[in-house]
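# A structural walkthrough
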Amino acid sequence: MPPRSAPAQAPSRLDAKVLVIGSGPGGAMTACTLAEAGHEVLLVEEGDHVPVGATEPYSLDDMERKWRNGGLTPSFGPVKVTYVEGKCVGGASEINAALYHPPVPSVLDQWARDYGIADFGGDVLARHIEAIEREASVSPFPGSPGIASERLAAGAASLGWKSVAVKRFWKYDGTEVLGRRQSMTETYIPRARAAGARLQDGLKVKRLLLEGRRAVGAIATDRDGRRVEIRADRVIVCGGAVQTALILRRSGITRGVGNTLSMNPMIRVAAEFDDCINEPAIGVPVLQIEAFKPEMTLGCSNGTLAHLALWLVGAPENREQLLAEWWRLGVFYAKVMAKARGFVRNVPLVDEAFVSFRLGKSDLALLGLAAERLATLLLASGARAIISPVPGMPAVRSLNDIPALRAGVEAGKAQVTAIHLHSTVPMGSEQKGCPADAFGKLRGLENVWVNDASLLPDTPGINPQGTILAIARRNAERMLG
Ligand SMILES: Cc1cc2nc3c(=O)[nH]c(=O)nc-3n(C[C@H](O)[C@H](O)[C@H](O)COP(=O)(O)OP(=O)(O)OC[C@H]3O[C@@H](n4cnc5c(N)ncnc54)[C@H](O)[C@@H]3O)c2cc1C
């Protein structure tokens, strides 16, 4: 592992024409578009700059340096949903599976109608999507997509379910055998910097500085907890769905903010096969089941040792033995579009957001059905045992065991996680109660925008990074106007 160099500290005062808070897909795209159009941009990021390749993906070191709270953060609700956020330069694009899904045009058109979003829809975003696919090297996995994907594809075919090897934000130019992830630190952030944008990592924005209807900057703290004042003419908040709502609410901007968090809850299971299924070197296997999208997606997850251990809680008696033959274990997921909405609140004197998410009965029923389909698929793909995500429940070894698994999930007893979070500052019309206008500008303020996953008025169901980038590109172009 390359040695860690001492990160640069921020001065106690920074000035900028345009302040972009958060460097994930939303912030990186915003900074790049504005800087390339000649604007003076300061991009601030709470986490560290950890280049691609500096950590082993999904290792403990990776999770410590790039994941908020080192991994899973709990939300509050009758059914515990833990969620994951990136906290590093590039945001969650640095830790995600890099799977690409283009926005679904019918979903975009529906949002335009339901939320009164002017100048929006499949046709409007098409040119942005085309640019992103080119600029971020969206590519198919070359050759065989790996053992896990092949097994799942064969299992799906035997059930008559359509599957697809999903494209990724990944570049294959012959210099690296396995290609290279095209996260924000490889794409839009270097472009923004080449165009003159300044990047300051290790700086956490606490709140915006407001004077009447204008923001004049923000108050932040550096790694040592020292206060840093940032002065800016325009502020664009891109901290991700949870943190953006937290920053705004801490700043006293609360109307319609943080009340409508949407997420795609998922259950993950470890499954044991007779022979090798796990190839960490290829990254997250790219196969997904198309048959039930966007309401429900089944697919493969990461199977490094650190991750496998997380999904073996249902097998306490033989966990060590299973891990000793980790290559026979894979991790798989079933993810659904939840109807429930959660909320984000700031708590006085507490640094973290308070996030509550209550899965409804219909959401749990859908998750139960998804668990049933996932187990059916895994058995059809040759799995010998599926470790139950319901603590204390025996492994699923045959079709007869599946109803108990489904019932356990429906009863809210399974471990549920979420990695796709959106909709805390939905964009749309005033009549629909949206706090941001059709281009992300906050109502009631003259110079504050949001431009990240928070703006999506609902969950897109699919892997969302492509949709977030396309919307951010459209909105940033509008800001230029
Ligand atoms: C484990 C995982 C796997 C995923 N897999 C996929 C996938 O395969 N395909 C896909 O399309 N999507 C995937 N996603 C989702 C996708 O990565 C996110 O939807 C996307 O990154 C959200 O972009 P964003 O700009 O809204 O926020 P983020 O990516 O969350 O970036 C926000 C950034 O702002 C910073 N920030 C927050 N608060 C502050 C503050 N107060 N001051 C300064 N900086 C701050 C954060 O540290 C972070 O770096 C995955 C997500 C996770 C967590």
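Computed from a prediction, not measured in an experiment: that's the story for all the values here.

### Side note on the overall build of the protein
Counting secondary structure elements, the protein contains 12 helices and 21 strands. Taking 481 residues into account, the globule formula puts the C-alpha radius of gyration at 23 Å, and the protein, at 22 Å, falls close to it. Structurally, the protein occupies a C-alpha span of about 65 × 50 × 45 Å along its principal axes. Within the protein, buried positions represent 54% of all 481 residues. In the protein, the proportion of contacts linking residues at least 24 apart, taken out of those at least 6 apart, comes to 73%.

### Some details on the site of the ligand
Neighbouring the ligand are 40 residues; Gly22, Gly24, Gly91, Asn96 and Gly240 lie closest to it. Listed by contribution, the elements that provide at least two residues to the shell around the ligand are helix H1 (25-36), strand E4 (81-86), strand E10 (204-211), helix H7 (241-250), strand E20 (416-422) and helix H12 (465-480). For the shell around the ligand, the residue count by class is 17 nonpolar, 17 polar and six charged.

### Examining the domain arrangement of the protein
Interfaces are often described in size by the accessible area the parts lose on coming together. Partitioning the protein into structural domains gives domain 1 (13-50 + 88-136 + 182-260 + 423-480) and domain 2 (140-170 + 261-418). Look at where the C-alpha atoms of domain 1 and domain 2 centre, and you get two points 30 Å apart. Contacts between the two partners involve 27 residues from domain 1 and, on the opposite side, 22 residues from domain 2. The dominant element in the side of domain 1 that touches domain 2, judged by the number of residues it contributes, is H7, at seven residues. Residue composition of the side of domain 1 that touches domain 2, grouped by class: 13 nonpolar, 11 polar and three charged.

### Brief notes about the environment of Phe76
Turning to its location among the elements, Phe76 is positioned in the loop between strand E3 (67-74) and E4. Along the backbone, Phe76 and Arg358 are 282 residues apart, and their C-alpha atoms lie at a distance of 7.8 Å. Excluding its chain neighbours within four sequence positions, the residues that come into contact with Phe76 are Val355 and Ser356.

### Considering the pairing of E10
Here E10 pairs with strand E11 (residues 214-221) via seven bridges, running antiparallel. Across the sheet, Leu209 pairs through a bridge with Gly217, a residue of E11. Connecting the antiparallel pair E10 and E11 is a turn made up of two residues, with Gly212 showing a positive phi of about 60°.

### Re H7
Helical geometry: 3.6 residues make up each α-helical turn, so side chains three or four residues apart lie on a common side. Here H7 lies mainly inside the structure; eight of its 10 residues are buried. Among the residues of H7, Ala241, Val242, Gln243, Thr244, Ala245, Leu246, Ile247 and Leu248 are the ones counted as buried. Positive backbone phi, at 90°, marks Gly252, one or two positions downstream of H7.

### Re the nonpolar core
Note on soluble globular proteins: their nonpolar side chains tend to be buried together. Leu19, Ala31, Val41, Ala192, Ile267 and Leu374 are the most contacted members of the largest nonpolar core, which totals 144 residues. When residues of this core are assigned to their parent elements, the largest contribution, 10 residues, is made by helix H10 (residues 361-380). With residues up to four places along the chain from it excluded, the contact list for Val41 reads Ala16, Val18, Val20, Ala31, Leu34, Ala35, Ala192 and Ala197.

### Things to note about the sheet that holds strand E8 (residues 180-181)
If you walk across this open sheet you meet the three strands as E5-E7-E8, and the pairing is antiparallel. Every interior strand has two partners, whereas the edge strands, strand E5 (138-139) and E8, have only one. Relative to strand E7 (residues 168-171), E5 runs antiparallel, the two being bridged by two bridges. Directly across from Val138, in E7, lies its bridge partner Phe169.

### A word on the packing of helix H5 (residues 147-159) against H10
Relative orientation of the contacting elements H5 and H10 amounts to 105°, with a least axis distance of 8 Å. What the angle tells us is that H5 and H10 run roughly perpendicular. Contacts between H5 and H10 involve Leu152, Gly155, Ala156, Ser158 and Leu159 on the former and, on the latter, Thr376, Leu377 and Ala380. Among the residues making up the contact of H5 with H10, the classes are represented as five nonpolar, three polar and no charged.

### A word on the environment of Lys17
Within the secondary structure layout, Lys17 lies in strand E1 (residues 13-21). On the basis of neighbour counts, which here come to 13 C-beta atoms within 10 Å, the residue Lys17 falls in the partly exposed class. Considering only alpha carbons, one finds Lys17 and Arg231, 214 residues apart in sequence, at a separation of 8.1 Å. If we skip the residues at most four places from it in the chain, Lys17 touches His39, Glu40, Ala232, Asp233 and Arg234.

### A look at unusual backbone geometry
For the bond running from Lys293 to Pro294, omega is -5°, close enough to zero to count as cis. Note that Pro294 resides in the loop between strand E14 (287-289) and strand E15 (296-300). Backbone geometry at Ala98 places phi at a positive 65°, although glycine is not the residue there. Checked against the element boundaries, Ala98 lands in the loop between E4 and helix H3 (105-115). A count of 23 C-beta atoms within 10 Å places Ala98 in the buried class.

### Points about the pairing of E11
One ladder, built from five bridges, connects E11 with strand E12 (residues 227-237); its direction is antiparallel. When the bridges of E12 are listed, Thr221 appears paired with Arg227. Where E11 hands over to E12, the hairpin turn is made up of five residues, of which Gly225 adopts a positive phi near 80°.

### Let's talk about the packing of H1 against H12
Axis separation between H1 and H12 bottoms out at 8 Å; the angle between their running directions is 35°. Crossing geometry of H1 relative to H12 is assigned as right-handed. In this structure, H1 uses Pro25, Gly26, Met29, Thr30, Thr33 and Leu34 to contact H12, whose residues at the interface are Gln465, Ile468, Leu469, Ala472, Arg473, Ala476, Glu477, Met479 and Leu480. Looking at the contact of H1 with H12 residue by residue, the classes come out as nine nonpolar, four polar and two charged.

What counts and how
- Residues numbered from 1 in each chain as written.
- Predicted model: local features only at pLDDT ≥ 70, side-chain atom pairs only at ≥ 80, totals over all residues.
- Helix = DSSP H or I, 4+ residues; strand = E, 2+ residues; numbered from the N terminus.
- Rg over C-alpha atoms; globule rule 2.2 N^0.38 Å.
- Buried ≥ 20, exposed ≤ 12 C-beta atoms within 10 Å, placed from the backbone.
- Contact = placed C-beta atoms within 7 Å.
- Near = placed C-beta within 6 Å.
- Nonpolar A, V, L, I, M, F, W, Y, C, P; charged D, E, K, R; others polar.
- Domains from an automatic or database assignment.
- Pairing = 2+ DSSP bridges.
- Core = buried A, V, L, I, M, F, W, Y, C linked by C-beta atoms within 7 Å.
- Axes fitted to C-alpha atoms, helices over the stretch in contact; angles between N-to-C directions.
- Parallel < 35°, antiparallel > 145°, perpendicular 65-115°, else oblique.
- Left-handed = near helix turned anticlockwise from the far one by under 90°.

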